[in-house]
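A structural walkthrough
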Amino acid sequence: MRLFLNILYEFKKTDKLSDILEQICAVLEENHWTQQRILFHLCDISEATSEGRTPHHALLKAHPQIAPYWTRSIPYPQSSVTQSIHLFPGQEEPAPTEHFDGYLTNFPGRKNGQPVFFPSDPAIDLSLIHDIFAKIPRPYTFYSSVALLDGIDWFGSCDLSPMMDWIILGRSREEDWEPGDWPNGMDFDEPCPFYQSNSVRIGKDWGATPEVAVQVEILPGQEPALAKRVEDAFAKRLGTPSKRYTRAVYSWSEQEDCFEANRKMDEFFLAWSKKLHMESEKKYVTQKHAPTHKKTLSRATMKKHFYTANKLEHYPLSRWDDKQCWCKELAHHYHLQVGLVMNPKPPQPGKFPVERNALYIECIGCNFELRDHLELKDFPADKDADTAASCAFEIWQDYLDRFETEVVPKLFALYGDTPPEFVYDSQKFNRANDQTIGEKYIRF
């Protein structure tokens, strides 16, 4: 297993990729860092009957040296023109045209779980990437544009090989493929779970803002100041990072070892959760109007007391998928994220129903992720709402207590400890006692 700290920087829509690339290159030069290889991935729909000129064709005409990296996926029947046409009564729908996803990419292939790169090509250099980025989003209207300055030795002794997750869309675990033969529908979005390395990734999706991800491997026992030094170097030119998390990536054999643990945990947790949910719902129905649950505090105050009593804290920076996370550390360096939904208003006719009274939890270790939610139905919207909420908070508290005493030991028995480095974060802090805490993210 290897751990990578991902430091993300976001920009304005008007910021040019070429200007951001210049800033990145300046940081690397100032700190005497060099990349071992340059990877790129430019994706768009191509060669459809109704599309006319495509960005791929324009780019190949301007830079014929990248022609060896052209790849097409299998065709699929879809027409952007057909989908946007309004058909009048009696009008026949046009026959769909054949579309391909086209890629200009030199990302590696895979053989026996190991990356296989293209031979070194001097034509692929930073000046080429800069020229391409200078014409994005116009005239090169790619759906996804990514460049990766890969294999950067941040500390003088880094492992410069990437970790490639075998859980890749469209590929089986046993399947090998050639360099550049990336599967259909592969997006290099923010989490980027399938390619982690000591690198800097810069990219932009159509209609989205540019993004930079600095990836730094965190070694066992490594001083946090080392990774902080890398972050500070980029912050001088790119500003304060918007998000930060660590990602654990496992080899084939390590992931296979988790299969049996996953099966046993699924069996245990489904039974545990089902039983506890039934007990909680029964208790809520019988006690929400009981005299022992007279209104004493408002729901908002009870919510604050719940977070405080369970030592839950907000992170100053958000995870990529959640801007409202209340979190705490559990035993064995596990991470618990808790969310509360309280909306006592009855559902409106014709609108999507809202879960009106629910506790959400997400427990994360380096090799597992466990989710559950406990919804208590029939939440009253009248004067009894606070009384019912008092009962609900007692039930939710009992759920969290039993989760820590009954589920966490089972997780430890099956998955073991999570390394403390997995919670690494150089700037997050606990506002109550000013101690550093960390944010985690588990791959999906």
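Overview of the structure. (Residues numbered from 1 in each chain as written. Predicted model: local features only at pLDDT ≥ 70, side-chain atom pairs only at ≥ 80, totals over all residues. Heavy atoms only, no water.)

1. Re the packing of aromatic side chains
Quick reminder of the rule: Any two of the Phe, Tyr and Trp rings considered here, Trp counted by its six-membered ring, make a pair once their centres fall within 6.5 Å; the pair's planes then place it as stacked at under 30 degrees, edge-to-face at over 60, or tilted in between. With a 1.4 Å probe rolled over the protein chains alone, any residue whose accessible area is under 20% of its type maximum counts as buried; one over 50% counts as exposed, and the rest are partly exposed.
Counted by the stated rule, this structure contains 18 aromatic pairs. Arranged with centres 6.3 Å apart and planes meeting at 65 degrees, the rings of Phe 306 and Tyr 307 form a pair that is edge-to-face. Taken individually, Phe 306 and Tyr 307 each receive the classification buried, so the pair is uniform in this respect. Where Phe 306 meets Phe 393, the ring centres are 5.6 Å apart and the plane angle is 50 degrees; that geometry is what we call tilted.

2. As for the pairing of strand 17 (residues 357-365)
Cut-off, in case you're wondering: Here a strand is any run of E in DSSP of at least two residues, a helix any run of H or I of at least four, and the numbering for each starts at the N terminus. By the convention used here, strands pair only if DSSP detects at least 2 bridges between them.
Judged by how many residues are buried, strand 17 sits mostly within the fold: eight of nine residues are covered. Pairing of strand 16 (residues 335-342) with strand 17, which is carried by eight bridges, proceeds in the antiparallel orientation. What sits directly across from His 335, in strand 17, is Ile 364. The turn linking strand 17 back onto strand 18 (residues 368-375) is made up of two residues.

3. Structural notes on helix 4 (residues 126-133)
Using the following cut-off: Arc definition: directions from the helix axis to the C-beta atoms.
Residues of helix 4 that are buried: Leu 128, Ile 129, Ile 132 and Phe 133. Down the axis, helix 4 shows its buried residues gathered within 130 degrees of arc, on one side only.

4. Quick word on the packing of helix 1 (residues 17-30) against helix 5 (residues 224-238)
What counts, and what does not: Lines are fitted to the C-alpha atoms to define the axes, a helix being fitted only along its stretch in contact, and any angle between axes, read from their N-to-C directions, falls within 0 to 180 degrees. Should an angle fall under 35 degrees it is called roughly parallel, over 145 degrees roughly antiparallel, and 65 to 115 degrees roughly perpendicular, with every other angle called oblique. Two helices that cross are described as forming a left-handed crossing if the nearer one is turned anticlockwise from the farther one by less than a right angle, and a right-handed crossing if clockwise. Any two residues having at least one pair of non-hydrogen atoms within 4.5 Å are treated as being in contact. Each residue gets one of three labels, nonpolar for Ala, Val, Leu, Ile, Met, Phe, Trp, Tyr, Cys and Pro, charged for Asp, Glu, Lys and Arg, and polar for the others, Gly among them.
As a packed pair, helix 1 and helix 5 sit with axes 9 Å apart at the nearest point and diverge in direction by 140 degrees. On the basis of the axis angle, helix 1 is oblique to helix 5. Crossing handedness for the pair helix 1 and helix 5: right-handed. Of the residues in helix 5, those in contact with Gln 23, Ile 24, Ala 26, Val 27, Leu 28 and Glu 30 of helix 1 are Ala 233, Phe 234, Arg 237 and Leu 238. Per-class residue counts for the contact of helix 1 with helix 5 are seven nonpolar, one polar and two charged.

5. As for the side chain of Ser 18
Note that Ser 18 resides in helix 1. Sequence-distant contacts of Ser 18, that is, excluding residues within four places in its chain, are made with His 130, Phe 133 and Ala 134.

6. Observations concerning unusual backbone geometry
Peptide bonds are, in most cases, trans, and in most cases residues other than glycine have a negative phi. Residue Ile 136 is joined to Pro 137 through a cis peptide bond whose omega torsion reads 15 degrees. Topologically, Pro 137 is positioned in the loop between helix 4 and strand 8 (144-150). If you check the backbone angles, His 32 has positive phi at about 60 degrees while not being a glycine. Note that His 32 resides in the loop between helix 1 and strand 2 (37-46).

7. Details of the packing of helix 1 against helix 4
Relative to each other, helix 1 and helix 4 sit at 150 degrees, their axes nearing to 7 Å. One finds that helix 1 runs roughly antiparallel with respect to helix 4. Considering only the axes of helix 1 and helix 4, their crossing is left-handed. On helix 4, the residues touching Leu 17, Ser 18, Leu 21, Glu 22 and Cys 25 of helix 1 are Leu 126, Ile 129, His 130 and Phe 133.

8. Re helix 5
Convention followed: Expected helix span is given by 1.5 Å per residue-to-residue step, counting one fewer step than there are residues.
The end-to-end C-alpha separation of helix 5 is 21 Å, in line with the 21 Å expected for 15 residues at 1.5 Å each. Taken together, the buried positions of helix 5 are Ala 227, Val 230, Glu 231, Ala 233, Phe 234 and Leu 238. Buried positions in helix 5, seen along its axis, are confined to an arc of 150 degrees and lie on one side of it. Looking at helix 5, the residues exposed on the side facing more than 90 degrees away from the buried face are Arg 229 and Lys 236. Backbone geometry just downstream of helix 5 places Gly 239 in the positive-phi region, at approximately 90 degrees.

9. Some thoughts on the environment of Leu 219
By the element assignment, Leu 219 lies in the loop between strand 12 (211-218) and helix 5. For Leu 219, a relative accessible area of 36% corresponds to the partly exposed category.

10. A look at the sheet that holds strand 17
In sheet architecture, strand pairing relies on hydrogen bonds along the backbone and comes in two forms, parallel and antiparallel. Spatially, 14-15-16-17-18 is the arrangement adopted by the five strands of the open sheet, whose pairing is antiparallel. Among the strands making up the open sheet, the edge pair consists of strand 14 (313-314) and strand 18. Of the strands in this sheet, strand 17 and strand 18 are in contact with helix 6 (residues 252-287), which crosses strand 18 at around 15 degrees. Sitting on the sheet, helix 7 (residues 299-309) is in contact with strand 15 (326-329), strand 16 and strand 17, with an inclination near 175 degrees to strand 16.

11. Focus on empty space enclosed by the protein
The condition is simple: Note on definitions: the grid is 1 Å and covers protein atoms alone; a cavity is a set of points where a 1.4 Å probe fits but cannot get out; a pocket is an open set with protein on both sides within 12 Å along at least five of seven lines; lining residues have an atom within 4 Å of a point. Grid points are joined across faces, edges and corners, and a volume is the space filled by probe spheres set on the points.
Inspection of the entire model under this criterion finds one cavity of 30 Å³ or more. In this model, the largest cavity occupies a volume close to 30 Å³. Take the lining of the largest cavity: its biggest share by element is three residues, from helix 8 (residues 385-415). Among the residues making up the lining of the largest cavity, the classes are represented as three nonpolar, one polar and two charged.

12. Concerning the nonpolar core
A general trend in soluble globular proteins is that nonpolar side chains are found buried together. Short version of the rule: Residue types Ala, Val, Leu, Ile, Met, Phe, Trp, Tyr and Cys, when buried and joined through side-chain atoms within 4.5 Å, form a set referred to as a nonpolar core.
Formed by 49 residues in total, the largest nonpolar core has its most connected members in Ile 24, Trp 33, Trp 154, Ile 202, Val 212, Val 214 and Phe 234. Looking at this core, the element that brings in the most residues is helix 1, giving six residues. Setting aside anything within four residues of it in sequence, one finds Val 214 in contact with Leu 5, Asn 6, Ile 7, Tyr 9, Trp 154, Ser 199, Val 200, Val 230 and Phe 234. Met 265, Met 302, Leu 312 and Leu 330 belong to the second largest nonpolar core, which has 37 residues in total.

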